[in-house]
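# Structural description and commentary
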Amino acid sequence: MSGPRLVRLPFERLDPAEQIRRARAFYEAVAPRRSVRHFDPRPVAPEALEWAVRAAGTAPSGANLQPWRFVVVSDPAVKRAIREAAEEEERRNYESRFPQEWKDRLEPLGTGWRKEFLEVAPHLIAVFAVVRPGGDAGEARRHYYVSESVGIACGVLLTALHLAGLATLTHTPSPMGFLGRILRRPSNERPYLLIPVGYPAPDAEVPDIGRKPLGEILVKVAAPEG
Ligand code: IYR
């Protein structure tokens, strides 16, 4: 089977000082990103969301099948339906399904079953993983590395929104089958992540938590001895 024609890779080779400068500038731009749970209800420019979704769509994916859908919800009635369904599941999670150890871990983050942000945030981006092509009819063919691909795309999306001056929350209601039903997605799509987007509320607070230092997350393998 012949693949697509090949084109020359456009590539600019940077000198190391410039590489370091850019890598550091990117770190400094992304480091202040925080998960935000208190939003200003004012809507944001739809084009900003569109450019961020375009950026997410550049993520690498298994066999370049781009197995993602980004469903933008701004309608108050749909947001309310999503909130009600999410709270129903989360109430059961916090009241009986989560083990105490997990709740202890969440305690400092101040989460709970109430999800007001799902109605207050002006937009929700529901990310769906497309597990096979063909919509409801479906095809025998499958997609590859779907959760890896969609996870990477979500990382690009969250970063793009942050760099556009917008606040996000990486929300994982569980189980979230209700999203496919409320948003009428075809049966080949699995809800993956729900991302409220907007400006933070003027008085928004976040927990005082930090990131692991480089020495705890980076391992450099030395040449074997002898
Ligand atoms: N999905 C639940 C619980 C939750 C779990 C983790 I791990 C978090 O980092 C935050 C929340 C919720 O959204 O409340």
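Scope of this entry: the structure provided in the associated data block. Only a predicted model underlies this, so the values are computations on that prediction, with no experimental measurement involved.

## Digging into the site of the ligand
Around the ligand, the neighbouring residues are E90, Y94, F98, W102, L106, K115, H171 and T172. At 3.3 Å, a side-chain N or O of E90 approaches a nitrogen atom of the ligand. A distance of 2.8 Å is found between a nitrogen atom of the ligand and a backbone nitrogen or oxygen belonging to T172. Contact with the protein chains removes 72% of the 370 Å² of surface that the ligand exposes when unbound. Looking at side-chain class alone, the shell around the ligand contains four nonpolar, two polar and two charged residues.

## A short note on the side chain of H143
Within the fold, H143 resides in the loop between β3 (123–130) and α6 (146–163). From its side chain, H143 meets the backbone oxygen of V130 in a polar contact 2.8 Å long. Once residues lying within four places of it in the same chain are set aside, the contact partners of H143 are L65, P67, V130, V131, R132 and P133.

## Quick look at the packing of aromatic side chains
Summed over all chains, the structure comprises two aromatic pairs. Note on Y94 and F98: the rings are 5.0 Å apart at their centroids and 65° apart in plane angle, and the pair reads as edge-to-face. Measuring from centroid to centroid gives 4.1 Å for F98 and W102, while their planes differ by 35°, and the two rings are tilted. We classify W102 as partly exposed; its relative accessible area is 44%. Members of the aromatic cluster, connected to one another through ring pairs, are Y94, F98 and W102. Over the ring of W51 we find R54, and its NZ or CZ is 4.3 Å from the ring centre. Here the guanidinium or amino end of R185 rests over the ring plane of F128, the centre of that ring lying 6.0 Å away.

## As for the pattern of salt bridges
Applying the stated criterion across every chain yields a total of 14 salt bridges. In this structure, E87 engages R83 in a salt bridge whose closest nitrogen and oxygen atoms are separated by 2.9 Å. With E87 and R83 both in helix α3 (residues 76–97) and four residues apart, the pair spans about one turn of that helix. Note on E87: relative accessible area 12%, which makes it buried. Look at R83 and you get buried, because its relative accessible area is 18%. Across the pair R141 and E139 runs a salt bridge whose closest N-O atoms are separated by 2.8 Å. Take E139: its relative accessible area is 34%, and that puts it in the partly exposed class. One connected set of salt bridges, linked through shared partners, spans R80, R83, E87 and E119.

## A look at unusual backbone geometry
A cis amide bond links S174 to the next residue, P175, at an omega of -10°. Tracing the backbone shows P175 in the loop between β4 (167–168) and α7 (177–182). Even without a glycine there, the phi angle at Q66 is positive, about 50°. Tracing the sequence through the fold places Q66 in the loop between α2 (46–56) and β2 (68–73). With phi around 50°, Y145 is a residue other than glycine that occupies positive phi space. Positionally, Y145 belongs in the loop between β3 and α6. What makes Y145 exposed here is its relative accessible area of 60%.

## Observations regarding the packing of α2 against α6
Orientation of α2 relative to α6, taken along the N-to-C sense of each, is 145°, at an axis distance of 8 Å. Remark: the crossing between α2 and α6 carries right-handed chirality. Judged by residue contacts, L49, A52, V53, A55 and A56 of α2 engage A153, V156, L157, A160 and L161 from α6. For the contact of α2 with α6, the class distribution of residues is 10 nonpolar, no polar and no charged.

Calculation rules
Residues numbered from 1 in each chain as written. Predicted model: local features only at pLDDT ≥ 70, side-chain atom pairs only at ≥ 80, totals over all residues. Heavy atoms only, no water. Near = heavy atom within 4 Å. Polar contact = N/O pair within 3.5 Å; in protein donor to acceptor, adjacent residues only side chain to side chain. Areas by Shrake-Rupley, 256 points an atom, 1.4 Å probe, with all protein chains shown as cover. Nonpolar A, V, L, I, M, F, W, Y, C, P; charged D, E, K, R; others polar. Helix = DSSP H or I, 4+ residues; strand = E, 2+ residues; numbered from the N terminus. Contact = heavy atoms within 4.5 Å. Phe/Tyr/Trp six-rings, centres within 6.5 Å; stacked < 30°, edge-to-face > 60°. Buried < 20%, exposed > 50% of the residue type's maximum accessible area, 1.4 Å probe, protein only. Lys NZ or Arg CZ within 6 Å of the ring centre and 35° of its normal. Salt bridge = Lys/Arg side-chain N within 4 Å of Asp/Glu carboxyl O. Axes fitted to C-alpha atoms, helices over the stretch in contact; angles between N-to-C directions. Left-handed = near helix turned anticlockwise from the far one by under 90°.

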